[in-house]
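# Structural overview for review
Here are the chains, one letter per residue:
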Amino acid sequence: MSELTIAMPKGRIFEEAYALLQKAGFQLPDDLEESRKLIVEVPHERIRFILAKPMDVPVYVEHGVADIGIAGKDVLLEQKRSVHELLDLKISQCYIATAGLPNTLMNDIAPRVATKYPKIASDFYKEKGEQVEIIGLNGSIELAPMIGLADRIVDIVSTGRTLTENGLVEYERIVDVTSRLIANPVSYRLKSERIRDMVKRLKDSME
Amino acid sequence: MTPIQKFEKPLGMRDSFPLINEKKENVRDVGRKFFRSRGFDFIKTPTVEYYETIGKASAIPDSSLFKLVDRQGETLVLRPDMTTPIVRVATSKLLKEQIPLRLAYFANVFRAQEHEGGRPAEFEQMGVELIGDTSVYADAEMIITAAEFVQELGIDDYRLTVGHAGLLQSILLQLTQSEEQVTELHKLLVEKNMVGFEETLKTFNLSEEQERSFIEFIGQASNVDSIQQLSPFIDKTNPKQVTMFSYLQNLSSLLQNAGLSNMVTYDLTLTSEMSYYTGMLFEVFASGSGFAIGNGGRYDGLLQEFNSNVGATGFGLRVDRLLEVMTSTSPLEPHTLIFFDETNYMKAVIEAGKLRYQGIRTTIQCLDSVEDKHAYQTNFTDVQWLIEGDGRR
């Protein structure tokens with residue numbers, strides 16, 4: 001049995017994804033994320049976990065230093081990396097939407113959109129036939145319309161509470177987001193047995 | 001933006017330092033002997049071609065092309081692949097002299113980088129094209145040649161995945177209701193986006209039965225060791241599919257005869273963004289690289305763009321990725337250093353001549369010009385001193 005390297009997103013998604021693997025019958029220790037280690041070996045399953053920032057998971061997988069990984073659809077859409085998307089894990093459900101101050105229109109001359117997802121945002125407005133100026137931010141996107149930096153934001157919405165608390169309303173829903181199991185194209189061929197076994201077990205345990 | 005510094009190269013461009021360069025030359029040497037021994041002739045084409053012809057016909061997306069403008073205002077491209085220029089030469093000239101044609105190349109190609117590293121914008125490709133033969137033997141020859149060349153380079157842990165673009169197209173058409181749907185699914189298969197594939201199927205309003213057989217097809221036809229396992233997905237009442245499938249069966253038994261059974265898997269869902277592939281296509285993977293080391297297939301469609309219908313098949317391997325997966329380190333090449341001083345210059349020349357005549361790589365170096373003699377010597381396997389007195393410190 002060949003060793004499998006799995007890139008896992010640290011933080012919120014980790015717990016859910018990890019529980020899913022356990023549910024699929026993988027014998028994994030319960031206290032994995034508590035240590036500050038970035039690489040964790042599980043010898044009896046021949047699995048090695050790499051703990052990475054969620055945005056970086058597809059990078060590791062694309063370059064083949066991780067065979068498979070768990071990544072949000074938002075990250076996959078934003079980065080367009082050449083990885084195989086094998087399974088919808090249906091965890092960490094949320095969606096990407098546009099939002100802004102209530103009852104406002106976009107500026108006619110230079111509509112501005114603030115976002116962590118420049119590619120998704122610009123694709124969306126292109127599709128709509130509107131040319132907008134994208135302003136890239138790294139967090140607290142809700143600030144932008146409140147202080148007049150942008151007319152709209154494009155961001156992840158899970159419950160909508162953050163929007164409401166900051167006096168913003170949702171305008172358009174762009175795309176639903178869940179976590180996906182992704183694979184490196186070469187690993188998909190060279191370690192096909194292990195990867196297909198994992199997909200099957202995950203699929204079965206989700207039903 | 002910060003000004004360009006003296007040491008910088010354009011995005012994605014790389015230097016080949018002597019050690020890497022030697023390895024590349026080694027691949028080229030092995031390849032030259034190997035492909036020539038199989039009847040392929042090497043060819044070179046210009047680095048720069050017209051955008052209107054080569055740029056548009058090549059399957060490389062426009063955004064990856066390096067473009068420039070010549071004095072007449074024509075748009076030029078740095079060649080993004082070798083197959084298209086070779087087809088240009090073959091259809092316009094060489095095919096009139098000989099058919100079928102066996103051509104080989106070792107050349108650098110250019111693909112512009114969008115943003116990040118890890119992917120060179122210029123790299124060497126080595127490959128062959130067999131133009132003017134539509135038989136299954138030609139296709140088998142390509143796969144076998146690719147596999148045996150990879151072995152020749154000492155790469156043992158490799159796999160070939162073989163599919164058939166025409167057969168996939170036909171099956172997709174049968175399972176869906178329109179060409180647009182096929183195109184949509186095709187795009188998802190290129191990325192192997194299984195999740196997207198299933199989601200898209202749901203929007204097609206297929207019957208439950210159809211949807212199920214579709215998902216079965218994608219799940220089970222994508223990785224089989226024996227071609228027979230694909231038989232259930234072939235519509236026996238469709239003569240085109242039956243013909244293409246028996247073609248694949250023939251191909252499979254030819255590969256089996258070549259002893260490649262353990263190296264080959266079949267994937268009917270295999271497809272490529274290269275839209276000109278019409279028949280068999282394959283990819284080569286090896287452990288040690290996160291990317292495919294090469295691919296190939298039958299591209300009769302590209303020949304049609306150049307108004308020829310004689311058919312062609314071929315493959316290309318990426319030299320940079322071959323180097324990544326080649327583990328065997330060649331033994332240190334003997335290299336003698338002769339240190340000389342003023343009085344011994346002629347002696348050194350004569351001595352070096354003798355050694356070179358024996359085939360030993362020899363460098364002669366005036367001792368006085370070398371500041372750190374100790375460090376300098378470490379680059380050589382043997383050192384001789386032609387020095388008066390105690391210059392040897």
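Here we summarise the structure given alongside this text. (Residues numbered from 1 in each chain as written. Chains lettered and ligands numbered in written order. Predicted model: local features only at pLDDT ≥ 70, side-chain atom pairs only at ≥ 80, totals over all residues. Heavy atoms only, no water.)

### What to know about the overall build of chain A
As a reminder of what qualifies: The way it works is that DSSP assigns letters per residue, a run of H or I at least four long becomes a helix, a run of E at least two long becomes a strand, and they are numbered from the N terminus. Buried residues are those whose accessible area, probed at 1.4 Å on protein chains only, stays under 20% of the maximum for their type, while exposed residues exceed 50% and partly exposed ones sit between those limits. In what follows, a contact means two residues having at least one pair of non-hydrogen atoms within 4.5 Å.
On a plain count of helices and strands, chain A comes out with eight helices and 11 strands. In terms of overall dimensions, chain A has a C-alpha envelope of 60 × 30 × 30 Å along the principal axes. Buried residues in chain A amount to 49% of all 207 residues. Pairs at least 24 residues apart make up 70% of the contacts formed inside chain A by residues separated by at least 6 positions.

### Re the overall build of chain B
Here is the rule we go by: Reported accessibility uses the Shrake-Rupley method at a 1.4 Å probe radius. Residues are deemed covered only where the shown protein chains occlude them. Residues counted as positive are Lys and Arg, residues counted as negative are Asp and Glu, and His and the chain ends are not counted. The atoms used to mark charge sites are NZ of Lys, CZ of Arg, CG of Asp and CD of Glu.
Per the secondary structure count, chain B includes 13 helices and 14 strands. Projected onto the principal axes, the alpha-carbon positions of chain B cover approximately 95 × 55 × 45 Å. A burial count over chain B gives 50% of its 393 residues as buried. Within chain B, counting contacts between residues at least 6 apart in sequence, those at least 24 apart form 70% of the total. In the form shown here, chain B has an accessible surface area of approximately 20,400 Å², with 49% of it arising from carbon and sulfur atoms. The averaged location of the 54 negative side-chain charges in chain B is 5 Å from the averaged location of its 38 positive side-chain charges.

### Overview of the packing of aromatic side chains
Residues and elements named next belong to chain B. In plain terms, the rule: Classification of ring pairs uses Phe, Tyr and Trp, with its six-membered ring standing for Trp, and accepts pairs whose centres are within 6.5 Å; under 30 degrees between planes counts as stacked, over 60 as edge-to-face, and the remaining range as tilted. Throughout this description, the term charge over a ring refers to an Arg CZ or Lys NZ atom that lies within 6 Å of the ring centre and within 35 degrees of the ring normal.
Applying the stated rule across the entire model yields 18 aromatic pairs over all chains. Here Y276 and Y277 contribute two aromatic rings whose centre-to-centre distance is 5.5 Å and whose plane-to-plane angle is 70 degrees, an arrangement assigned as edge-to-face. The rings of F34, F35, F40, F149, F282 and F315 are connected pair by pair, giving a single aromatic cluster. We note R32 situated over the ring of F42; from NZ or CZ to the ring centre the distance is 5.5 Å. The ring of F123 has R318 sitting right over it, with the charged end atom 3.5 Å from the ring centre.

### Considering the packing of helix 5 (residues 165–175) of chain B against helix 8 (residues 208–220) of chain B
Residues and elements named next belong to chain B. Going by this rule: Comment: axis = line fitted to C-alpha atoms, over the contacting stretch for helices; angle = value between 0 and 180 degrees taken between N-to-C directions. These descriptions rest on fixed angle ranges, namely under 35 degrees for roughly parallel, over 145 for roughly antiparallel, 65 to 115 for roughly perpendicular, and the rest for oblique. Should the near helix be turned anticlockwise from the far one by less than a right angle, the crossing is left-handed, and should it be turned clockwise, the crossing is right-handed.
Where helix 5 contacts helix 8, the axes come no closer than 11 Å and their chain directions differ by 160 degrees. Relative to helix 8, helix 5 is oriented roughly antiparallel. When the axes of helix 5 and helix 8 are compared, the crossing they make is left-handed. Mapping the contact onto sequence places L168, I171, L172 and L175 in helix 5 and Q210, S213, F214 and F217 in helix 8.

### Some thoughts on helix 6 (residues 179–190) of chain B
All names here are of chain B. The line we're drawing: Under the convention used throughout, the expected extent of a helix is 1.5 Å for every residue step, that is, one less than its residue count. Think of the arc as the fan of directions from the helix axis to the C-beta atoms.
When the terminal C-alpha atoms of helix 6 are compared, their 16 Å separation across 12 residues agrees well with the 16 Å that a helix rising 1.5 Å per residue should span. Along helix 6, the residues that are buried comprise Q181, V182, L185, L188 and L189. Projected onto a plane normal to the axis of helix 6, the buried residues spread over an arc of 125 degrees and lie on a single side. Opposite the buried face of helix 6, at more than 90 degrees from it, the exposed residues are E180, T183 and K187. Looking at the buried residues of helix 6, the elements they touch are helix 5, helix 7 (194–202) and helix 8. K192 occupies a position one or two residues after helix 6 and carries a positive phi of about 50 degrees.

### Points about the environment of D74 of chain A
Residue placement: D74 of chain A occurs in helix 3 (residues 73–79). For D74 of chain A and L89 of chain A, which are 15 residues apart along the polypeptide, the C-alpha to C-alpha distance reads 14 Å.

### Details of the interface of chain B and chain A
Threshold: Here the quantity called buried area is the accessible surface, traced with a 1.4 Å probe, that two parts lose on coming together, added over both. Note on definitions: salt bridges are taken to be side-chain nitrogens of Lys or Arg within 4 Å of carboxyl oxygens of Asp or Glu. Two N or O atoms count as a polar contact when they lie within 3.5 Å, although within protein this holds only if one can serve as hydrogen donor and the other as acceptor, and sequence-adjacent residues are included solely when both atoms are side-chain atoms. Amino acids outside the nonpolar list (Ala, Val, Leu, Ile, Met, Phe, Trp, Tyr, Cys, Pro) and the charged list (Asp, Glu, Lys, Arg) are all regarded as polar, and Gly is one of them.
With 24 residues of chain B at the contact, the number on the chain A side is 23 residues. Of the roughly 1,800 Å² buried where chain B meets chain A, counting both sides, 47% is carbon and sulfur surface. Broken down residue by residue, the surface that chain B buries against chain A is led by K192, V195 and N223 of chain B, which jointly contribute 27%. Between the two partners, chain B and chain A, sit four salt bridges. Applying the counting criterion to the chain B and chain A interface returns 11 residue pairs in polar contact (both at pLDDT 80 or more). The set of elements that each furnish at least two residues to the side of chain B that touches chain A consists of strand 7 (158–164), helix 7 and strand 9 (280–286) of chain B. By residue number, the principal contributor to the side of chain B that touches chain A is helix 7 of chain B, which donates four residues. The class makeup of the residues in the side of chain B that touches chain A is seven nonpolar, nine polar and eight charged.

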